[in-house]
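Notes for the structure review
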Amino acid sequence: MGVYHAGSRAVQERVGVRQLADHVGRSIGDGIKPVAAAFLELQPQLVVGAADPATGRVWATVVSGAPGFVRATGPQQISVAGGPGAADPLAPALSTEGTPVGTIALDPRTRRRMRLNGRLRPTARGFAVEADQVFANCPKYLQRRETYETLPDRRPGETRTGGELTADQAEFVTRADTFFVATVHGGGADASHRGGNPGFVRVDAPGELSWRDYPGNAMFLTLGNLAADPRAGLLFLDWTTGTTLQLTGEAHTEYGTDRRVRFTVTEAVETPSAIPLRWTPPELSPANPEHP
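Values in this document were obtained by computation on a predicted structure and should not be read as measured data.

**Some thoughts on unusual backbone geometry**
Positive phi outside glycine occurs at Arg111, with the angle close to 55°. Even without being glycine, Ser273 reaches a positive phi, approximately 50°. Mapped onto the elements, Ser273 comes out in the loop between strand E17 (260-271) and strand E18 (277-279).

Right, dumping it as structure tokens:
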């Protein structure tokens, strides 16, 4: 399979960036370079996206551990020690051999990120991913957070589920400066980052969110996946309390003066204190548009 599938190609053609996408696409490989391996070993968390093999619903989640819990264990493989809790909606996918997964390691301290997509294999300690695609993205729209601390006494609270956002969850979303989006296509899965000034994600109704698609790297992997398959999963993370809000549903792109992605919620899962990390307040990216 080439770097791009028909969905991404269709969006690139529509926006008029196919030539640029071809150039940028040369950075995508299937090997983990030494600099990427060293980057991974410094990370305390990893975002993973996939489709539940039983329900077909797409989810994104975050797993955490002491630096080194995720590392390259081969020229095309990463291994992750641990995984999400049993109540996490993505737990079944991460224990199923051959699940297509997308991963993103994002370091707010350096405003660097690395994405690796491939096939999952459960292991005795967690899971491994055999890479199909490995690449880095520019720091655009990444908020800088100077450092973090690990709170060993923090434990996940009781998971709350629903079919739409509560008022508190809507407030959580609208004050976010970062979220992650998982998408799928016939050949695999992808996990990506979206960032902006607080308010860049709108809650248009209890079951509907939207956000502007800011100019990026011209590859259109996320929007291309959505053009081929509307299923998507969103992850919002409270960088102070460790609370996560996971949403699954469907999304589509509206093309106009500004591209806007509209997401319809099928299910919402909130887990208080899901991870034990507490990050310092953000320094917002200078690339963030002033008006979301």
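**As for the sheet that holds strand E7 (residues 126-137)**
In spatial order, the strands read E2-E1-E5-E6-E7-E4-E3; together these seven strands make up an open sheet with antiparallel pairing. If you trace the sheet from one side to the other, it starts and ends with strand E2 (58-64) and strand E3 (70-74), each paired once. Between one strand and the next, the sheet's axes are offset by a mean angle of 35°, whatever the strand orientation. Relative to E7, strand E6 (residues 112-122) is paired through 10 bridges, and the arrangement is antiparallel. From the neighbouring strand, Arg113 faces E7, where its bridge partner is Asn137.

**Structural notes on the pairing of E17**
Counting buried residues along E17, nine of its 12 residues qualify, which places the element largely inside the surrounding structure. Bridge analysis of strand E10 (residues 160-162) against E17 gives three bridges, and the strand direction is antiparallel. Bridge pairing links Thr161 to Val269 in E17. Summarising the sheet, strand E14 (residues 208-212) and E17 pair through five bridges and their orientation is antiparallel.

**Brief notes about the pattern of salt bridges**
Inspection of the entire model under this criterion finds 17 salt bridges. Glu13 is the salt-bridge partner of Arg18, the closest N and O atoms lying 2.9 Å from each other. A salt bridge links Asp213 to Arg259; its shortest N-O distance comes to 3.0 Å. Pair noted here: Asp213 is in the loop between E14 and helix H5 (221-228) and Arg259 is in the loop between strand E16 (244-254) and E17, with a separation of 46 residues, a long-range link. Exposure class is identical for Asp213 and Arg259. Each is buried. When salt bridges with common partners are traced through the structure, they connect Arg202, Asp204, Glu208, Glu254 and Arg262 into a single cluster.

Parameters at a glance
- Residues numbered from 1 in each chain as written.
- Predicted model: local features only at pLDDT ≥ 70, side-chain atom pairs only at ≥ 80, totals over all residues.
- Heavy atoms only, no water.
- Helix = DSSP H or I, 4+ residues; strand = E, 2+ residues; numbered from the N terminus.
- Pairing = 2+ DSSP bridges.
- Axes fitted to C-alpha atoms, helices over the stretch in contact; angles between N-to-C directions.
- Buried < 20%, exposed > 50% of the residue type's maximum accessible area, 1.4 Å probe, protein only.
- Salt bridge = Lys/Arg side-chain N within 4 Å of Asp/Glu carboxyl O.

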